[in-house]
Amino acid sequence: MQKMKEKNANPLWTRDFTIITLGSVVSMIGNSLSGFAMSLMVLDYTSSVLYYSIYVMAFTFPQIIVPIFSGAVLDRFSRRKTIYTLDYISSVFYLSVGILLHNGWFNYPLFALMVFFLGCIQSMYQVAYQSFYPMLISEGNFSKAYSVASMLESVTVFVVPISTLIYNMVGIGPLMIANAVCFFIAATVETQIKAKENYVEERKIDKKESKVKMMLSDTKSGFMYLWSEKGLFFIAFYFLFSSFGGGVSNVALLPYMKSTMPNGEYYYLIIGGLMMLGRVVTSSWHYRHKLPIDKKFLIAFVVYIFISIVEGSLLFLPLVVMFILSFLSGCLGVTSYTIRISATQSYVPDEKKGRFNGAFNMLSVLGALIGQGFSGVLSTVMDMRFVMLISQTIVLLAAIFVMGGNRKYVAPIYNREQ
């Protein structure tokens, strides 16, 4: 009886947690509807992997610079207001661009510029959301909460095949407009969150200090904090390499399959769908079960090595094997993600979450941007299969030497009750 009382003392599904979850699901559905269709449109118009990589980089590049300032700002201002304001802005953006594209307008340079603006919005939103979300999780429920988030994110990806069919039938305009509606609904829902943000009062801006000086000071202190916490530093440093591999895959996989196989985009969707199915299945397991605390680092480390080997060899394998390994990668990837995100977000104090997430995101996006450029340039002189093999070999070495070589710093962060 006593155990039952303790279990119910901190329920996960509080009012605010339910609202942020519903809002994020709606916006993710909208992004799933339009995001993949935008990639297909760029490939259809340009027929170039290099131009496609530039388009991807246009979205990624602002995510290096913006987190530096947004992380500092969001440790002083309301993350809740930032989240729903950016969702309203996204709604207006997608509505405007959707109407233009539906009326037949497309100009590659201007479209890349608009995608750059979208990357700025996404970057600030990501830091705000990552820093606000853990504040809505009740004590002892971090692993369970991030399992829910990962599972729902994976489920929304199954909307992508629908968006592909709609795109092939009527074009991208209606999908962009649908995304605008989703963002508007998400923002309206998020305005109802009532959580108090005490750190705002605690860190009011000194009227004698300029906002620019404040942001630079806070940004510097954010990186100093990351450096002072060796475990966090090596986690962030490894994910620079991991994101590099992800950046290569994002540019290489879809164009390769679309150009080498009839209806290759649908095979690409099957691979992504199986990966997401693996994430859903495993996330639901994590929601009900807890991993052994003292084995979390070892589990994550083995997963990092496995995934880099799978992704490096994926394009050399028969389709059936690709499908099986993609499902396994989804299962294992969500496990390492849940371990890492719940460990770091429960470890970093609330008043420093914005700066930590800003610094972490900046390093991750820098890696992704380098990977995207690396993939785009080498695609002009090398088979994309070997580009992915080279990049994932680099990721594998980073896992061994950065994470494995610094186990004594990282393991104490991972091997904790969250």
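Reading the values: rules and limits
Residues numbered from 1 in each chain as written. Predicted model: local features only at pLDDT ≥ 70, side-chain atom pairs only at ≥ 80, totals over all residues. Heavy atoms only, no water. Helix = DSSP H or I, 4+ residues; strand = E, 2+ residues; numbered from the N terminus. Buried < 20%, exposed > 50% of the residue type's maximum accessible area, 1.4 Å probe, protein only. Areas by Shrake-Rupley, 256 points an atom, 1.4 Å probe, with all protein chains shown as cover. Contact = heavy atoms within 4.5 Å. Axes fitted to C-alpha atoms, helices over the stretch in contact; angles between N-to-C directions. Nonpolar A, V, L, I, M, F, W, Y, C, P; charged D, E, K, R; others polar. pLDDT = per-residue confidence, 0-100. Patch = residues over 30% accessible without salt bridge, like charges linked within 9 Å, V, L, I, M, F, W, Y side chains within 5 Å. Salt bridge = Lys/Arg side-chain N within 4 Å of Asp/Glu carboxyl O. Expected span 1.5 Å × (residues − 1). Phe/Tyr/Trp six-rings, centres within 6.5 Å; stacked < 30°, edge-to-face > 60°. Lys NZ or Arg CZ within 6 Å of the ring centre and 35° of its normal. Parallel < 35°, antiparallel > 145°, perpendicular 65-115°, else oblique. Left-handed = near helix turned anticlockwise from the far one by under 90°.

### Re the overall build of the protein chain
Here's step 1: Helix and strand counts for the protein chain stand at 18 helices and zero strands.
Here's step 2: Burial analysis of the protein chain (418 residues in total) assigns 53% to the buried set.
Here's step 3: Looking at the protein chain as shown, the accessible area adds up to about 18,500 Å², and 68% of this sits on carbon and sulfur atoms.

### Re the environment of G30
Here's step 1: Mapped onto the elements, G30 comes out in helix α2 (residues 15-46).
Here's step 2: For the pair G30 and V160, spaced 130 residues apart in the sequence, the C-alpha separation amounts to 9.9 Å.
Here's step 3: Sequence-distant contacts of G30, that is, excluding residues within four places in its chain, are made with N179 and C182.

### Observations regarding the packing of helix α3 (residues 49-60) against helix α6 (residues 108-132)
Here's step 1: Their axes nearest at 6 Å, the elements α3 and α6 cross at an angle of 35°. Across from Y51, I54, Y55, A58 and F59 in α3, the residues of α6 making contact are Y108, F111, A112, V115, F116, L118, G119 and Q122.
Here's step 2: Within the contact of α3 with α6, the residues separate by chemical class into 11 nonpolar, two polar and no charged.

### Quick look at the confidence of the model for the protein chain
Here's step 1: Averaged over every residue, the pLDDT of the protein chain is 81; the share at 70 or more is 88%.
Here's step 2: Confidence over residues 1-8 falls short of pLDDT 50; this stretch has zero contacts with residues more than four positions distant or in other chains.

### With respect to a nonpolar patch on the surface
Here's step 1: On the surface, a cluster of nonpolar side chains totalling about 450 Å² of accessible area is made up of F61, I65, L110, L113 and F116.
Here's step 2: With three residues, the single largest contributor to the nonpolar patch is α6.
Here's step 3: Considering the arrangement of structural elements, one finds I65 in helix α4 (residues 62-74).

### Here's the deal with helix α9 (residues 173-190)
Here's step 1: The first and last C-alpha atoms of α9 sit 26 Å apart over 18 residues, in line with the 26 Å expected at 1.5 Å per residue.
Here's step 2: G173, L175, M176, N179, A180, C182, F183, A186, A187 and E190 are the residues of α9 that are buried.

### Looking at the environment of L254
Here's step 1: With respect to the helices and strands, the residue L254 is situated in helix α12 (residues 230-260).
Here's step 2: On a C-alpha basis, the gap between L254 and L43 in space is 9.4 Å, while along the polypeptide they are 211 residues apart.
Here's step 3: Excluding residues that lie within four positions of it along the chain, L254 makes contacts with F36, S39, L40, L43, Y52, E265 and Y268.

### Concerning the side chain of N406
Here's step 1: Note on placement: N406 falls in the loop between α17 (384-403) and α18 (407-414).
Here's step 2: The contacts of N406, once residues within four sequence positions are left out, are F234 and F401.

### Some details on helix α13 (residues 264-288)
Here's step 1: The terminal C-alpha atoms of α13 lie 37 Å apart, and with 25 residues this matches the ideal 36 Å at 1.5 Å per residue to within 8%.
Here's step 2: Among the residues making up α13, those that are buried are G264, E265, L269, I271, G273, M276, G278, R279, V280, T282, S283 and H286.

### Quick word on the packing of aromatic side chains
Here's step 1: Counted by the stated rule, this structure contains 25 aromatic pairs.
Here's step 2: Their ring planes at 55° and their centres at 6.1 Å tell us that F297 and Y414 sit as a pair that is tilted. Placement of F297 in helix α14 (residues 296-313) and of Y414 in helix α18 is noted, with a sequence separation of 117 residues between them. Neither F297 nor Y414 differs from the other in exposure class; each is buried.
Here's step 3: Aromatic ring contacts, followed pair by pair, group W13, F17, Y125, Y129 and Y133 into a single cluster.
Here's step 4: Stacked on the ring of Y337, the Lys or Arg R279 has its end atom at 6.0 Å from the ring centre.
Here's step 5: In this arrangement the basic side chain of R340 is found over the ring face of F239, its NZ or CZ atom lying 4.7 Å from the centre.

### Some points on the packing of helix α8 (residues 160-170) against α13
Here's step 1: With their axes 10 Å apart at the nearest point, α8 and α13 run at an angle of 165° to one another. In this view, α8 runs roughly antiparallel relative to α13, as classed from their interaxial angle. In this structure, α8 crosses over α13, and the sense of that crossing is right-handed. Residues V160, P161, T164, L165 and N168 of α8 form the contact with α13, whose participating residues are E265, Y266 and L269.
Here's step 2: Looking at side-chain class alone, the contact of α8 with α13 contains five nonpolar, two polar and one charged residues.

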